[in-house]
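# Examination of the molecular architecture
Take a look at the letters that make up each chain.
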Amino acid sequence: IGFTSARKMMSWAVPRIEGGYRIYCKGASEVLLARCNRQLTKSSEGNNEEGAELNEASRQAILDAGEMYARRGMRTLALAYRDLAEGVDFDAKSDHVLNADGSEALAVETELTFVSLVGIEDPLRKEVPGAIEKCYEAGIDVRLVTGDSPNTAVSIAYQAGVLKAFHFTDNTNEKISINLKPNVLMEGKVFRRKVYRIDDDGNKEFDQTAFDKIWPHLRVLARSSPDDKLTLAHGLNQSTLFIEKAACRKLKTEDNIDVFPDRQVVAMTGDGTNDAPALKRADIGFAMGIAGTQIAKDAADIILLDDNFASIVTAAKWGRNVYASIQKFLQFQLTVNISAVTTALVGSFAYAKSPLAAIQLLWVNLLMDALASLALASEPPTDALLKRDPVNRSKSIITRRMWGNMLGQSGYQIVVIMVLLFAGPQMFGFEPGHEVERNENKNSVHYTFIFNAFVWMQLFNEINSRSLEGEINVFRGIHRNPLFCGILFTTAVLQVIIVQFGGKAMHVDDDGLSAYLWGVSLAIGVVSLPIQQVINIIYALFNRYYGIWRERKRVKEGRRQSTRHIDNP
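Let us now look at helix α13 (residues 400–428). Along α13, the largest kink reaches about 60° and is centred on Phe422; proline Pro425 follows within four residues of it. One or two positions beyond α13, positive phi appears at Gly429, with a value near 80°.

This is how it looks when you write it as structure tokens:
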């Protein structure tokens with residue numbers, strides 16, 4: 001008779017030589033003990049025999065021993081048996097004993113003889129506490145959903161770091177379930193009773209309001225069933241608690257609980273067949289690759305090949321790295337687009353001809369679409385990604401700082417190109433490009449110089465684009481990305497070849513550029529690096545003074561409302 005979460009036990013029926021069967025049972029200690037009415041004792045000769053009925057003193061002693069095991073983080077199992085007559089009906093139901101879920105128990109699994117209580121220690125992997133600490137740093141809240149007894153669950157959760165000292169009541173050193181603050185731990189049956197209500201037709205109905213009062217505090221769900229996992233995933237997905245600003249402020253003030261300002265993103269782990277609905281309902285389902293069943297794997301989004309919780313942190317790190325890589329590429333691409341489009345439009349309006357030829361724009365497009373995307377997307381993930389706050393679902397992928405970086409860099413590039421376009425011939429002593437190409441029908445040094453300076457500004461800005469949060473050292477970790485370095489070097493070499501030997505094919509001057517103009521082009525590109533630092537300073541100052549202005553405005557508005565005169569009716 002297999003294990004089910006409804007019964008919290010399993011049994012084997014073994015034929016006896018003298019006839020009939022002996023059924024051996026194992027299961028949760030409190031469940032199995034409630035079905036025992038006798039206990040195995042030793043006779044005066046030292047042989048095992050059935051003793052007297054299991055009295056309340058012996059029953060309490062067994063429960064106390066189980067409690068001691070649980071407080072030490074052990075899972076407790078009780079062992080029992082019963083002798084059955086020939087021809088017994090194994091499907092018969094008991095009329096006075098119920099299963100853990102309230103259904104009728106099998107009659108053959110009642111009136112048992114207690115044999116022993118076993119404490120099983122399943123030590124945490126050494127990397128688990130560190131992984132959970134990283135989850136908290138990354139803004140990922142961890143909850144333990146287990147079938148273990150409350151004290152076992154509390155001990156494991158405290159060792160793992162899911163529970164902290166502040167989750168327990170003050171002036172207590174004993175980390176047990178009764179010393180936890182309200183709603184931090186719940187048993188499955190209590191949880192179900194609180195989050196479900198009975199409607200007028202007698203059907204169970206999920207109560208989202210009641211759930212929203214519980215989940216911000218809940219850290220451990222003990223003696224749970226797979227349905228509790230599904231309920232938890234469903235409730236968190238549907239929660240709109242973040243909209244209720246007053247409730248969120250109260251949680252922050254009274255319990256120091258921060259509620260994520262958007263719909264919750266739920267990740268669920270599981271390995272059993274019964275976990276499949278919860279894995280499917282969660283935003284991200286993690287199945288165990290070794291211990292997990294095929295049904296659980298099919299329902300999951302990610303399979304942990306090593307069954308290690310620390311791998312979830314690795315998945316989160318890589319997920320954030322992909323998001324950051326997309327942001328880096330967009331920041332770089334949009335900067336190029338703003339500069340290239342502005343340059344082409346101004347040149348066309350001023351001289352009826354763009355300073356950047358079509359073939360040159362194709363090279364720039366290849367530079368930013370293919371090579372740059374490959375280079376920026378190859379950045380390896382770092383632990384610094386886990387220190388960032390999670391991104392809201394409704395938040396734009398292009399942040400305010402990215403806009404600042406793009407507008408600042410494109411502004412610098414546009415100013416440089418406009419100066420070279422209109423004042424370049426006087427500054428560097430060559431003929432204006434539009435006159436050379438119109439009168440002499442050949443490619444000009446002027447437009448070749450503009451093209452070269454434009455590309456080198458993009459290449460150095462590609463290094464700036466590795467940073468999204470205003471980091472000072474934009475070269476940090478660049479040595480750990482040989483692909484980025486290789487692509488940057490290859491692009492630079494190709495640019496030299498195009499300018500010096502591209503000729504008519506690439507719409508550049510047949511003799512290329514002089515060493516002096518090459519030096520100026522490179523200097524213009526290098527200036528993009530300090531320009532980024534100037535942008536960072538301006539952005540920080542803007543944020544600071546804009547925040548002060550907003551706060552003063554808020555205080556002023558609040559004072560005006562609080563002192564407003566109200567006429568008596």
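Opposite charge on two side chains lets them pair, provided their charged atoms get close. Scanning all chains against the criterion turns up 26 salt bridges. Of the charged contacts in the structure, one is a salt bridge between Lys387 and Glu137, with a shortest N-O distance of 3.4 Å. Taken together, the residues Lys387 in the loop between α12 (358–376) and α13 and Glu137 in helix α3 (residues 128–137) connect sequence positions 250 residues apart. The class of Glu137 is partly exposed, set by a relative accessible area of 39%. Put simply, Lys442 and Glu440 hold a salt bridge, and the shortest N to O gap is 3.5 Å. The exposure class assigned to Lys442 is partly exposed, which follows from its relative accessible area of 44%. Through salt bridges that share partners, Arg16, Glu18, Arg22 and Asp83 make up one connected network.

It is worth spelling out the side chain of Glu462 at this point. By secondary structure assignment, the location of Glu462 is in helix α15 (residues 445–464). Here Glu462 sits buried without a salt bridge, and the closest side chain of opposite charge, Arg466, lies 8.7 Å off (N-O distance). Glu462 has contacts with Phe332, Ala372, Ala375, Leu376, Phe484 and Leu488, leaving out every residue within four places of it along the chain.

This part takes up helix α2 (residues 56–71). End to end, α2 covers 22 Å across 16 residues, agreeing with the expected 22 Å (1.5 Å per residue, within 8%). Of all the residues in α2, the buried ones are Ser58, Arg59, Ile62, Gly66 and Ala70. In an axial view of α2, the angular spread of the buried residues amounts to 120°, which keeps them on one side of the axis. Counted as exposed and oriented over 90 degrees from the buried face of α2: Glu56 and Ala57. Among the structural elements, α1 (29–34), β3 (36–42), β5 (74–84), β8 (112–121) and α4 (150–160) are those in contact with the buried residues of α2. Near the N-terminus of α2, the side chain that reaches the backbone nitrogen of Ala57, with its oxygen 3.3 Å away, is that of Asn55. Gly73 sits one or two residues past α2 and shows a positive phi near 80°.

Before going further, it helps to examine unusual backbone geometry. Residues other than glycine seldom take positive phi values, yet Asp307 does so here, at roughly 55°. With respect to the helices and strands, the residue Asp307 is situated in the loop between β16 (302–304) and α11 (310–351). Accessibility expressed as a relative area gives 17% for Asp307, which makes it buried. With a phi close to 55°, Asn441 is a non-glycine residue in the positive phi region. With respect to the helices, strands and loops of the structure, Asn441 is situated in the loop between α14 (433–440) and α15. A residue is classified by how much of its surface remains accessible, and Asn441, at 70% relative accessible area, is exposed.

So, about the sheet that holds strand β9 (residues 144–145). One open sheet accounts for three strands, arranged β9-β13-β10; its pairing is parallel. Looking at the sheet topology across the chains shown, the edges are occupied by β9 and β10 (185–187). As judged from the three bridges shared by β10 and strand β13 (residues 220–222), these two strands associate in the parallel manner. Within β13, the position partnered with Met186 by the bridge is Leu221. Seen against the sheet, α4 touches β9, β10 and β13 and runs at an angle of roughly 150° to β13.

Between α15 and helix α17 (residues 515–526), whose axes approach to 7 Å, the crossing angle comes to 35°. Handedness of the α15/α17 crossing: right-handed. Residues Val445, Phe449, Asn452, Ala453, Trp456, Met457 and Phe460 of α15 touch α17, and the partners they reach there are Leu517, Trp518, Val520, Ser521, Leu522, Ile524, Gly525 and Val526.

Attention now moves to the packing of aromatic side chains. Geometry of an aromatic ring pair is reported as the spacing of the ring centres plus the angle between the planes. A full pass over the atoms with the stated rule returns 12 aromatic pairs. Ring geometry for Phe430 against Phe449: centres 6.2 Å apart, planes inclined by 70°, an arrangement best described as edge-to-face. Of this pair, Phe430 sits in the loop between α13 and α14 while Phe449 sits in helix α15, and the two are 19 residues apart along the sequence. Through successive ring pairs, a cluster of aromatic residues spans Phe191, Tyr196, Phe206 and Phe211. Against the face of Tyr196 rests Lys204, its NZ or CZ located 4.9 Å from the ring centre.

This part covers the side chain of Asn464. Summarising the element assignment, Asn464 is placed in helix α15. Exposure remark for Asn464: the relative accessible area of 2% places this residue in the buried category.

With that settled, consider the sheet that holds strand β14 (residues 267–270). Either a parallel or an antiparallel arrangement is found when strands of a sheet pair, and the pairing is made through backbone hydrogen bonds. Sheet architecture is open: three strands sit in the order β14-β15-β16, paired in parallel fashion. Of all strands in the sheet, those bounded by a partner on one side alone are β14 and β16. Within the sheet, the average angular offset between the axes of one strand and its neighbour, ignoring direction, is 25°. In this structure, strand β15 (residues 284–288) lies alongside β16, joined through three bridges in parallel fashion. Following the sheet pairing, Phe286 is matched in β16 by Ile302.

So, how was this worked out
- Residues numbered from 1 in each chain as written.
- Predicted model: local features only at pLDDT ≥ 70, side-chain atom pairs only at ≥ 80, totals over all residues.
- Heavy atoms only, no water.
- Bend = angle between axes of the 7 residues up to and from the residue.
- Helix = DSSP H or I, 4+ residues; strand = E, 2+ residues; numbered from the N terminus.
- Salt bridge = Lys/Arg side-chain N within 4 Å of Asp/Glu carboxyl O.
- Buried < 20%, exposed > 50% of the residue type's maximum accessible area, 1.4 Å probe, protein only.
- Lys, Arg positive; Asp, Glu negative; His and termini not counted.
- Contact = heavy atoms within 4.5 Å.
- Expected span 1.5 Å × (residues − 1).
- Arc of directions from axis to C-beta.
- Polar contact = N/O pair within 3.5 Å; in protein donor to acceptor, adjacent residues only side chain to side chain.
- Pairing = 2+ DSSP bridges.
- Axes fitted to C-alpha atoms, helices over the stretch in contact; angles between N-to-C directions.
- Left-handed = near helix turned anticlockwise from the far one by under 90°.
- Phe/Tyr/Trp six-rings, centres within 6.5 Å; stacked < 30°, edge-to-face > 60°.
- Lys NZ or Arg CZ within 6 Å of the ring centre and 35° of its normal.

Worth remembering: the numbers are spatial, not functional.
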